[in-house]
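A look at the structure
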Amino acid sequence: MHGGVVIMFPMAREGVVHFARQVCLLGCAVGLLAHPVAAGDPASLQQQLAGALAKPPHASTSMGACVIDLSDKRVIFAKNPDASLTPASTMKLFAMTAALAELGPNFSFDTVLATDGANLIVIGDGDPGFGDEKLHRARNESPHAPFVRWAEALKRRGAATAELCIDESIFDSQRIHPTWEQADLDNWYAAPVGGLNINDNCLDITVSPAKKAGTPALVTVQPANALAKITNRCLSGGKGQPVLHHASDSFEYVLSGRCPKSVSLGSFSFPDPGLLFAESFRIVLRQQGIAIAGPTRRVQVRRSDGTLPPNLSILDRHRTPLADVLARAGKDSQNLFAECLLKRAGYAWARRNGRPHPLGTWEHGAHAVHDLLGFAKIDMEGLRVADGSGLSRQNACTPRQLASLLAWAVAQPFGRTLHDNLATAGVDGSLRKRLKDSDGRVHAKTGTMRGIRTLAGYVDADDGPRFAFAVMFNGYPGGSAPEGRFGYAKCAQGVCFGYAYLLLTRVSQASARIRQMRSWMALYGALPPG
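Residues numbered from 1 in each chain as written. Predicted model: local features only at pLDDT ≥ 70, side-chain atom pairs only at ≥ 80, totals over all residues. Heavy atoms only, no water.

Here the focus is the side chain of Thr97. Tracing the chain through its elements places Thr97 in helix α4 (residues 92-103). What makes Thr97 buried here is its relative accessible area of 0%. Residues in contact with Thr97, not counting those within four places in the same chain, are Leu372, Leu405, Trp408, Ala409, Phe414 and Leu418. (Helix = DSSP H or I, 4+ residues; strand = E, 2+ residues; numbered from the N terminus. Buried < 20%, exposed > 50% of the residue type's maximum accessible area, 1.4 Å probe, protein only. Contact = heavy atoms within 4.5 Å.)

All right, on to the nonpolar core then. Core analysis: the biggest nonpolar cluster contains 64 residues, and Phe94, Leu341, Val369, Leu402 and Tyr458 have the highest contact counts within it. Secondary structure elements with two or more residues in this core: β1 (62-69), α4, α8 (322-330), α9 (335-352), α10 (362-375), α11 (399-409), β16 (452-461) and β17 (464-474). Here the element with the most residues in this core is α9; it accounts for 11 residues. If sequence neighbours within four positions are ignored, Phe94 has contacts with Val369, Leu373, Leu383, Cys397, Gln401, Leu402 and Leu405. Phe147, Trp150, Phe277 and Ile290 belong to the second-largest nonpolar core, a separate cluster that totals 34 residues. (Core = buried A, V, L, I, M, F, W, Y, C linked by side-chain atoms within 4.5 Å.)

Here the focus is the packing of α8 against α9. One can describe the packing of α8 onto α9 by two numbers: an axis separation of 7 Å at closest approach and a directional angle of 130°. Relative to α9, the element α8 lies oblique. Of the two elements, α8 crosses α9, and the hand of that crossing is left-handed. Side by side, α8 and α9 meet where Leu322, Val325, Leu326, Arg328 and Ala329 of the first sit next to Phe337, Ala338 and Leu341 of the second. (Axes fitted to C-alpha atoms, helices over the stretch in contact; angles between N-to-C directions. Parallel < 35°, antiparallel > 145°, perpendicular 65-115°, else oblique. Left-handed = near helix turned anticlockwise from the far one by under 90°.)

Next up on the list: the sheet that holds strand β3 (residues 108-115). Ordered in space as β12-β5-β4-β3-β13, the 5 strands form an open sheet in which the pairing is mixed. Two strands close off the open sheet at either side, each with one partner strand: β12 (297-298) and β13 (313-321). Relative to β12, strand β5 (residues 164-167) is paired through 2 bridges, and the arrangement is parallel. Among the inter-strand pairings, Ile166 is bridged to a residue of β12, identified as Arg298. (Pairing = 2+ DSSP bridges.)

Here we take up the sheet that holds β17. Taken together, the 6 strands give an open sheet; going across it, the order is β2-β1-β17-β16-β15-β14, and neighbouring strands pair in antiparallel fashion. Each having just a single partner strand, β2 (74-79) and β14 (423-424) make up the two edges of the open sheet. Bridge count between β1 and β17: 8 bridges; the pairing is antiparallel. By the bridge assignment, Val67 is partnered in β17 with Phe469. Sitting on the sheet, α11 is in contact with β1, β2, β16 and β17, with an inclination near 160° to β17.

A complete count under the given rule lists 14 aromatic pairs for this structure. When the centroid spacing of 5.2 Å and the interplanar angle of 75° are considered together, the rings of Phe107 and Phe109 count as edge-to-face. Residue Phe109 is classed as buried on the basis of its relative accessible area of 0%. Aromatic pair Phe130 and Phe147: ring centres 5.2 Å apart, planes at 40°, arrangement tilted. A residue pair is termed long-range when its members are at least 10 positions apart, and Phe130 in the loop between β4 (120-123) and α5 (133-138) and Phe147 in helix α6 (residues 145-157) qualify at 17 residues. Residue classification places Phe130 among the buried residues on the basis of a relative accessible area of 1%. Taking the relative accessible area as the measure of exposure, Phe147 reaches 0% and is therefore buried. Here a set of aromatic residues connected by ring pairs shows up, and it is made of Phe130, Phe147, Trp150, Phe277 and Phe281. Sitting over the face of the ring of Phe337, Arg328 holds its NZ or CZ atom 5.2 Å from the ring centroid. When the ring centre of Trp362 is taken as origin, the NZ or CZ atom of Lys343, which lies over that ring, is 4.0 Å away. (Phe/Tyr/Trp six-rings, centres within 6.5 Å; stacked < 30°, edge-to-face > 60°. Lys NZ or Arg CZ within 6 Å of the ring centre and 35° of its normal.)

Structural data, given as structure tokens:
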């Protein structure tokens, strides 16, 4: 017992109990560091950080950590800092920083509506925010508001149209990364990546019972479109629930099961973002009394230098600030947004390096990341950049690379933009329900996959960021979600957040009281509640 905290261990497997004990000891260290004497002793902090990683939770687990004091750029703690590990979503930090470096913090994605006198042409810029419900809700408008504005612009100009054409040539045609796991591809977090995007390139499907039991259930699809083929074998009433089957490369969505009450089945990836964009636009135009003849055609009007030909007349444009896209990637961990950031940085890199036909590709995005780290003088041994979101298990980096990237970035003109678009503990994003008593001083990116837990970010003092840190766990048994009170995932998660707490005590004594520590420990299963 220390400071009124009783540490208790129910019966469990030896390895998990040992690791849970480490989490509890880490929490006690938080309480001790709340006192001025302990908090003023650098050796004490280093000892507590080392103690938290003294022994892995399982023989298969690899782990590493690195902490940099931003006041003098010293590495104040390192445990296996150069181990090349799978980062999961902390990989987004590389894509976000590369986009800021290549595009600049004031960049906006710019989707253009134009006409050549006969045809209506939409030129994409790889904007993942077009039609994103969360971004449009923040603007107090519907996701289709840009299409309504475009229809009004058409009416004002009296532009005659024969066909609708789309230009997605800002990005290559590889929409799905070849190393993404097949089981992921139907899910929203593995949505295809396009030069034109709408509704996060997903269909939102809701099923409701009809008035008469045994008759087909009612199906609602958003965005409304005539492209998706819905095969409805789901019956109203009865016991059970609706089940949806969808092959990731197919336009067919098959519903089966029973529907006793209305239920949202969630968001399912749609294989062709450009066609879904065009179809959604067509529907709004039709609602506004504007008819488009013929099928949608894919064209390339954007020239190799990035400019548009002079014969095009610009009717309107929709812009999404880079900061909005960074927030969806950094705070909400929205994978599509991170992939578009990496590919758009790759397009800028290709143009900057004189490629004759620049394209936003995963390969060019990786080059942008490597150039960035080279400029920042960060050792790239052990780094592999497969994608921007971290969904690919082919990604790899070291804790030192993550912490060093953060330490370098915060000193750049765009540093505050990166910092502010990471999740704020206890406030928003993937940290909204975590570290609630941290006074908003922890800004970080989480990483979660099966057998993987990572956390990397900043701990702030009163005058700004004080520490950059990265903690990585790979290879423990079990799934991606914390399981039970002493599951490996929960314990790994607890140590990741414990690191943030230990650093927090160096800058804010009020955040490390035993009472607050106890509530955090109970949340992550290391102590019984109460």
